[in-house]
Amino acid sequence: MNAVSSAPTTRPEAVDANVPAVSALGLCKTYGEGSMAVRALEEVTFDISQGEFVVLLGPSGSGKTTMLNVVGALDSPTDGKLEVMGTARGGMDENAQTRYRLGTVGFIFQFFNLVPTLTALENVALLAELTGEDAEMRALAVLDEVGLGDRVDHFPGQLSGGEQQRVSIARALVKNAPLLLCDEPTGALDIDTGRRVLRVLRDTTAAGKRTVLLVTHNSVIAEMADRVLRLLDGRLVSDETNPTPRTPEELQW
């Protein structure tokens, strides 16, 4: 598969390591108006350092997916300030938001969203073509990184659920985005497969080159995080550092 010659260069410039990966100040998000208004986020403030593995924990309806969508530029805050890798999210036009989603953040969802008629390699290379040159070579490298070097020619229907999720992780990694946003990435997986996926995500932060913000309602997964941000009814109710994160292999749920 050949790289698209007109593909934009979307990889972000190097950012001072002391700049937070994510900095939220008084973030609010309201849906609807008047008596029908629903406050999904209310005065949420936190900083996430580069290279951290952070779990955003909360029950259904707590605002955690809204927060992830705001950070990922899939939605916009009603009020407050947000900076990602030192760049303010406010005031971006549509083209700037597209460049941001391509170059700064990688998305991993509960459901894999792979193209069923494309192989694992083609699924990853499809996105690689949008984010730089040498698409196939980069796609092969990240598939090997997530342990699928021997499955590149398999279609999604020939892969297990865990393997499909690792393809989706590879698709996020191939952009070389410094921030990975994960929405219940193990929600559709059994515990053993979920642990393997969490190991891949944990390893992406090992060298401090990537930051992971993972949304889950599963408090056990929070045990492997560097930090745990807890949301309830749209409010940040706690921000705790985990002094001794557990390994994914130690988790039981």
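As shown above, the structure is provided for reference.
Residues numbered from 1 in each chain as written. Predicted model: local features only at pLDDT ≥ 70, side-chain atom pairs only at ≥ 80, totals over all residues. Heavy atoms only, no water.

## Looking at helix α6 (residues 191-204)
For α6, built from 14 residues, the straight-helix expectation of 20 Å at 1.5 Å per residue is met to within 8% by its first-to-last C-alpha distance of 20 Å. Of all the positions in α6, only Thr193, Gly194, Arg195, Val197, Leu198, Val200, Leu201, Arg202 and Thr204 are classed as buried. In this fold, the buried residues of α6 make contact with β3 (53-57), β6 (105-109), α5 (161-173), β7 (179-183) and β8 (211-216). The distance from a side-chain oxygen at the start of α6 to the backbone nitrogen of Asp192 is 3.1 Å, and the residue carrying that oxygen is Asp190. (Helix = DSSP H or I, 4+ residues; strand = E, 2+ residues; numbered from the N terminus. Expected span 1.5 Å × (residues − 1). Buried < 20%, exposed > 50% of the residue type's maximum accessible area, 1.4 Å probe, protein only. Contact = heavy atoms within 4.5 Å. Polar contact = N/O pair within 3.5 Å; in protein donor to acceptor, adjacent residues only side chain to side chain.)

## What to know about the pairing of strand β2 (residues 38-48)
Side-chain direction in a regular strand flips from residue to residue, so the side chains alternate between the two faces of the sheet. Judged from the 7 bridges that link them, strand β1 (residues 22-31) and β2 form a sheet pairing that is antiparallel. By the bridge assignment, Val22 is partnered in β2 with Ile48. Where β1 folds back on β2, the antiparallel hairpin that results is connected by 6 residues, among which Gly32 adopts a positive phi of roughly 80°. (Pairing = 2+ DSSP bridges.)

## Description of the packing of aromatic side chains
Aromatic ring pairs are defined here through the distance separating the ring centres and the angle between the ring planes. Following the criterion strictly, the structure yields 1 aromatic pair and no others. Ring geometry for Phe107 against Phe109: centres 5.9 Å apart, planes inclined by 5°, an arrangement best described as stacked. Classification of Phe109 as partly exposed rests on a relative accessible area of 31%. In this structure, Arg89 packs its charged tip against the face of Tyr100, placed 5.7 Å from the ring centre. (Phe/Tyr/Trp six-rings, centres within 6.5 Å; stacked < 30°, edge-to-face > 60°. Lys NZ or Arg CZ within 6 Å of the ring centre and 35° of its normal.)

## Some thoughts on the sheet that holds strand β10 (residues 235-241)
Here we have 6 strands laid out as an open sheet, ordered β6-β7-β8-β3-β9-β10, and mixed in their pairing. The open sheet is flanked by β6 and β10, the only strands paired with a single partner. For this sheet, the mean angle separating the axes of adjacent strands, direction not counted, is 15°. Where strand β9 (residues 227-232) meets β10, 6 bridges bridge the pair, whose relative direction is antiparallel. Across the sheet, residue Val228 finds its bridge partner in β10, namely Glu240. Its contacts with the sheet put helix α1 (residues 64-71) on β3, β6, β7, β8 and β9, and the angle it makes with β7 is roughly 150°. Sitting on the sheet, α5 is in contact with β6 and β7, with an inclination near 170° to β6. (Axes fitted to C-alpha atoms, helices over the stretch in contact; angles between N-to-C directions.)

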